[in-house]
Amino acid sequence: MPSTTRVNSVIEIERAGDVALIRIDNPPVNAAGRDVRQGIEDAINALAGDDSIKAIGLYGAGRTFVAGADIREFGKPPLAPSLPDVCNTIERCGKPVVAVLHGTALGGGLELAMASHARIGLTGLRVGLPEVLLGILPGAGGTQRAPRLVGIPFALDMITTGRHLPAAEALEHGLIDQLKDGDPRDVALASAKAVVAGNLKTRRTDEIAVEPNDAALEAAKAKIAKKTPHLFSPVKCVEAVAASVTPIDEGLATERHLYIQCHDSPQRAGLIHAFFAERAVAKVPEAKATPRPVQKIGVIGGGTMGSGITTSALLAGFDVTMIEVAAEALERGTGTVRKNLEGAVKRGKLAEAKHAETVARLGASTDMTDLADADLVIEAVFENMEVKKEIFTKLDGIVKDGTILASNTSYLNINEIAACTKRPQDVLGLHFFSPAHVMRLLEIVVADKTAPEVVATGFALAKRMKKVGVRAGVCDGFIGNRILSHYLRVTNYMVMDGATPEQIDDALEGFGFAMGPFRVSDLAGLDIGWAERKRLAPLRPAAERVIEIGDRICENGWFGRKTGRGYYVYDEGDAHPNPEVANIIASERAKAGVTPRDFTDQEIVDRYMTAMISEAARVVDDGIALRPVDVDAVFLFGYGFPRFRGGPLAYADTIGAAELIKRIEAYAKEDSHYWQVPDLLRRMAADGSTFAQLNEGK
Ligand code: 3H9
């Protein structure tokens, strides 16, 4: 009869004749926190000294094997035993240990498995070493054991990309020895017995020699220098893998040394903040409400946004009907969707076999009454309040009870839109970012009367579309565009005062942004900002410093990339500064009597980030964002903010409220209307608190 002994709250040993099984049960993902490490260490030591036991099986309870080290422990004082020590204990155990992997064996989870003496994967398994995405390296022997099992080139691929491998690929490369179907406990028992019977071979990974491959190491370094020049840990990953040709103790010591460098770098803190930000934003007051079922979606508008939203919804398995006013526009819109879906097949986002079925779920009509039985309608027409009101009034009279009506507006007041329907409780904003089938951010804008289950449906939709839903309150521009409109002004002030658009772009790309603000504006279309400025002009306070450089550029019909000219001139893929823009800038400076001065790249970054943080602090204080982390997520997933810096408010914590206030007060000597110290920063400086503490409700 099998007997079970509990080692601690998360580890159990089951003895069955001459084999024993170690079961890891630490929901939700069996992360290797302190208790898991201590429990495995104790269990292995106990079984190593038990003469009746001939082989050991190691497996996870619940939905997965170990998904990695416990990320919540990073940055805190280390708790023994360390994961590298536990892996060494397994490898050096006198009894053969076979690991049975199901779900996801990631990071430290795969490292536990690689230190075992055989690995069995179960159908559906995904494995990977994603540490690099968190700013670290596989520091529990992963950089030494992966090259021993799969060779340097493939180990470099896994470790520097962090990608998840399907089970078949893991088997092909020798990362797992066998692929089986079945329950993890049963397979662990059968595998341990097979080891005893001599039917499953085991071996110590540290005894495998690594074939040197300098060419692969150099190629990996070159790729990193090109693709992720700002990141610290990818280079360290390569250095650690390079050490795998030495005896394992030496390699492990090198790995440890490099791991500590990564762990202590600010990039690690930023990337881990980003990991948790993606998950934290789903924790909203409405999360307890039951989402309404949604399968049929109507999308009004076949322009860039409407087509992107339709594509995204089709890819997520919804039935979508696109509505346009005229047959020609409808044809164009559905054509764009079809092209997007073909692109998705090419990029591996949609299986070839599913393509026809996905296209078949696309409906099209010029008659809005065809949306009568839709569960959700998303309006994505151009930004004009009167047009939107007309559409919502019509829809209100067409759709069934309970249909959710959403606007994709990026600035306009959702309360005003909701008020023209008899169902304001069913109305919300769903603000997608362009291109909507690629960008992951979805602002879920909650109006005064939006019902909790309607908000919950917005979050369920985001999840199904694999997007990051962030709750936002109603104001001009919600979270992202409100902050954007504020800090874009500082770029114009700096240009007026002496910087060039390309210097600003280069400085901010040097900081880590994927693209500088002027390059982004050229890409998005300068006419969008121009229209916004015209809309807001009547509301502009008299004290506001107004820069008209952008207006002068637009008056020439230069709207950026789509017209071949904006801040830059676009010639067959090549972009260079538009010389006419330099003339416009010079003439606007002369008109305003401004004598240009020099800006350093650091000053550009400081002013830009201080402006962004100031408005972000006001957005949090006004309750438009629930917490600072919601602002961070908006910028990480919608505005190309450098992930390794964690987000604008995580970055703000690295500067501190007192220093930010000092900067704002210095800048305010030039423009006291624009540069005002947010109340929240003043309160934080007074009590020494941080945005991180605010995230935790402190
Ligand atoms: C590492 O291993 C370092 C080593 O080399 C050792 C060096 C010495 N820790 O994502 P989900 C939480 S680094 C703690 O929503 P899914 C997550 O926050 C690690 N918590 O589910 C969430 O909590 P909540 C390398 C973790 O099904 C809940 O679990 N490993 C961890 O969409 C559910 O997660 C990785 O980088 C963790 N390791 O996806 C893998 N993982 O419900 C990171 C998850 O309170 N994890 N949580 O919001 C993942 O990629 C995904 O979570 C996974 C599941 C694919 C596993």
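Residues numbered from 1 in each chain as written. Predicted model: local features only at pLDDT ≥ 70, side-chain atom pairs only at ≥ 80, totals over all residues. Heavy atoms only, no water.

Quick look at the overall build of the protein
Of the regular secondary structure elements, the protein holds 29 helices and 20 strands. Taking 26 Å as the expected radius of gyration for a compact globule of 698 residues, we find that the protein reaches 28 Å, a close match to that expectation. Overall, the protein is about 90 × 60 × 55 Å in size when its C-alpha atoms are taken along their principal axes. Counting all 698 residues of the protein, 55% fall into the buried class. Long-range pairs, those at least 24 residues apart, make up 72% of the contacts in the protein between residues at least 6 apart in sequence. (Helix = DSSP H or I, 4+ residues; strand = E, 2+ residues; numbered from the N terminus. Rg over C-alpha atoms; globule rule 2.2 N^0.38 Å. Buried < 20%, exposed > 50% of the residue type's maximum accessible area, 1.4 Å probe, protein only. Contact = heavy atoms within 4.5 Å.)

Description of the packing of aromatic side chains
With the rule as written, the count across this model stands at 15 aromatic pairs. Taking the centre distance of 5.0 Å and the plane angle of 70° together, the rings of Tyr487 and Tyr608 count as edge-to-face. In this pair, Tyr487 is assigned in helix H18 (residues 480-497) and Tyr608 in helix H24 (residues 601-621), connecting sequence segments 121 residues apart. Residues Tyr487 and Phe635 carry aromatic rings whose centres are separated by 6.2 Å and whose planes lie at 55° to one another, so their mutual orientation is tilted. (Phe/Tyr/Trp six-rings, centres within 6.5 Å; stacked < 30°, edge-to-face > 60°.)

Quick notes on the UniProt feature "domain: 3-hydroxyacyl-CoA dehydrogenase C-terminal" (unreviewed entry) in the protein
According to UniProt, the feature "domain: 3-hydroxyacyl-CoA dehydrogenase C-terminal" (unreviewed entry) maps to residues 477-570 and 604-688 in the numbering used here. Measuring from the first to the last C-alpha atom of residues 477-570 gives 30 Å, for a span that is 59% helix and 3% strand. (UniProt positions renumbered as here; feature names shortened; annotations may be inferred.)

Looking at the site of the ligand
Taken together, 28 residues surround the ligand, and among them Arg63, Gly108, Glu111, Glu131 and Arg279 come closest. Between an oxygen atom of the ligand and a side-chain N or O atom of Arg63, the distance comes to 2.7 Å. One of the backbone nitrogen or oxygen atoms of Ile71 is found 2.9 Å away from a nitrogen atom of the ligand. Here the ligand loses 76% of its free accessible area of 1000 Å² to cover by the protein chains. Broken down by secondary-structure element, the contributors of at least two residues to the shell around the ligand are strand S6 (104-106), helix H3 (108-115) and helix H11 (266-280). The element best represented in the shell around the ligand is H11, accounting for three residues. Of the residues in the shell around the ligand, the class split is 17 nonpolar, five polar and six charged. (Near = heavy atom within 4 Å. Polar contact = N/O pair within 3.5 Å; in protein donor to acceptor, adjacent residues only side chain to side chain. Areas by Shrake-Rupley, 256 points an atom, 1.4 Å probe, with all protein chains shown as cover. Nonpolar A, V, L, I, M, F, W, Y, C, P; charged D, E, K, R; others polar.)

Points about the state of the cysteines
Tallying each qualifying case throughout the model produces zero disulfides. The thiol of Cys262 is not disulfide-bonded; the next cysteine sulfur, from Cys237, is found 6.3 Å away. For Cys262, a relative accessible area of 0% corresponds to the buried category. Unpaired in terms of disulfides, Cys475 finds its nearest cysteine sulfur in Cys420, a separation of 20 Å. (Disulfide = S-S within 2.5 Å.)

Brief notes about the UniProt feature "domain: 3-hydroxyacyl-CoA dehydrogenase NAD binding" (unreviewed entry) in the protein
Listed under "domain: 3-hydroxyacyl-CoA dehydrogenase NAD binding" (unreviewed entry) in the UniProt record, and renumbered for this structure, are residues 296-472. Between the end C-alpha atoms of residues 296-472 the distance is 25 Å, and the span holds 42% helix and 21% strand.

Structural notes on the pattern of salt bridges
The tally for this structure, following the rule as stated, stands at 54 salt bridges. Here Asp35 makes a salt bridge to Arg34, at a shortest N to O gap of 3.7 Å. On the basis of relative accessible area, Asp35 is assigned to the partly exposed category, the value being 34%. Looking at Arg34, the relative accessible area reads 32%, which means it is partly exposed. Of the charged contacts in the structure, one is a salt bridge between Asp426 and Arg292, with a shortest N-O distance of 3.0 Å. Of the two residues, Asp426 is situated in the loop between helix H16 (414-419) and strand S16 (427-432) and Arg292 in the loop between H11 and strand S11 (296-300); the sequence distance between them amounts to 134 residues. Judged by relative accessible area, which is 4%, Asp426 ranks as buried. When salt bridges with common partners are traced through the structure, they connect Glu548, Arg552, Glu555, Glu588 and Lys591 into a single cluster. (Salt bridge = Lys/Arg side-chain N within 4 Å of Asp/Glu carboxyl O.)

Considerations on the packing of helix H13 (residues 327-346) against helix H14 (residues 352-360)
For the pair H13 and H14, the least separation of the axes is 10 Å and the interaxial angle reads 165°. The angle between the axes of H13 and H14 places the two elements in the roughly antiparallel class. H14 is crossed by H13, and the crossing has right-handed handedness. Counting all contacts with H13, which are made through Arg338, Leu341, Glu342 and Val345, the residues of H14 involved are Glu352, His355, Thr358 and Val359. By residue class, the composition of the contact of H13 with H14 is three nonpolar, two polar and three charged. (Axes fitted to C-alpha atoms, helices over the stretch in contact; angles between N-to-C directions. Parallel < 35°, antiparallel > 145°, perpendicular 65-115°, else oblique. Left-handed = near helix turned anticlockwise from the far one by under 90°.)

Digging into the domain arrangement of the protein
Where interface size is given, it is often the accessible area lost as the parts come together that is meant. In terms of domain boundaries, the protein breaks down into domain 1 (3-266), domain 2 (296-479) and domain 3 (481-623 + 626-695). Taking the mean C-alpha position of each, domain 1 and domain 2 sit 43 Å from one another. (Domains from an automatic or database assignment.)

Side note on the sheet that holds strand S18 (residues 468-472)
The mixed open sheet is built from eight strands, whose spatial order is S13-S12-S11-S14-S15-S16-S17-S18. With partners counted over all chains shown, the strands left at the sheet margins are strand S13 (362-365) and S18, one partner each. Strand-to-strand twist across the sheet, computed as the mean angle between neighbouring axes with direction ignored, equals 25°. As judged from the four bridges shared by strand S12 (residues 319-323) and S13, these two strands associate in the parallel manner. (Pairing = 2+ DSSP bridges.)

Let's talk about the environment of Gly640
Tracing the backbone shows Gly640 in the loop between helix H25 (628-638) and helix H26 (648-655). In sequence terms Gly640 and Arg423 are 217 residues apart; their C-alpha atoms lie 36 Å from each other.

Section: the environment of Ser3
Mapping Ser3 onto the fold places it in strand S1 (residues 3-6). Given a relative accessible area of 36%, Ser3 falls into the partly exposed group. Distance from Ser3 to Phe433, taken between C-alpha atoms, is 56 Å for residues 430 residues apart in sequence. Among residues more than four places away in sequence, those in contact with Ser3 are Ile13, Glu14 and Arg15.

Description of the nonpolar core
Burial of nonpolar side chains together is a common tendency in soluble globular proteins. Ranked by size, the top nonpolar core spans 97 residues in total, and within it Ile479, Met609, Val631 and Leu681 carry the most contacts. Broken down by element, this core gets its largest block of residues, eleven residues, from H24. For Val631, the residues in contact, after removing those within four places along its chain, are Ile479, Ile483, Ala616, Val619, Val620, Ala625, Pro648 and Leu649. By size, the runner-up hydrophobic cluster in this structure holds 69 residues, among which are Ile56, Val127, Val238 and Leu258. (Core = buried A, V, L, I, M, F, W, Y, C linked by side-chain atoms within 4.5 Å.)

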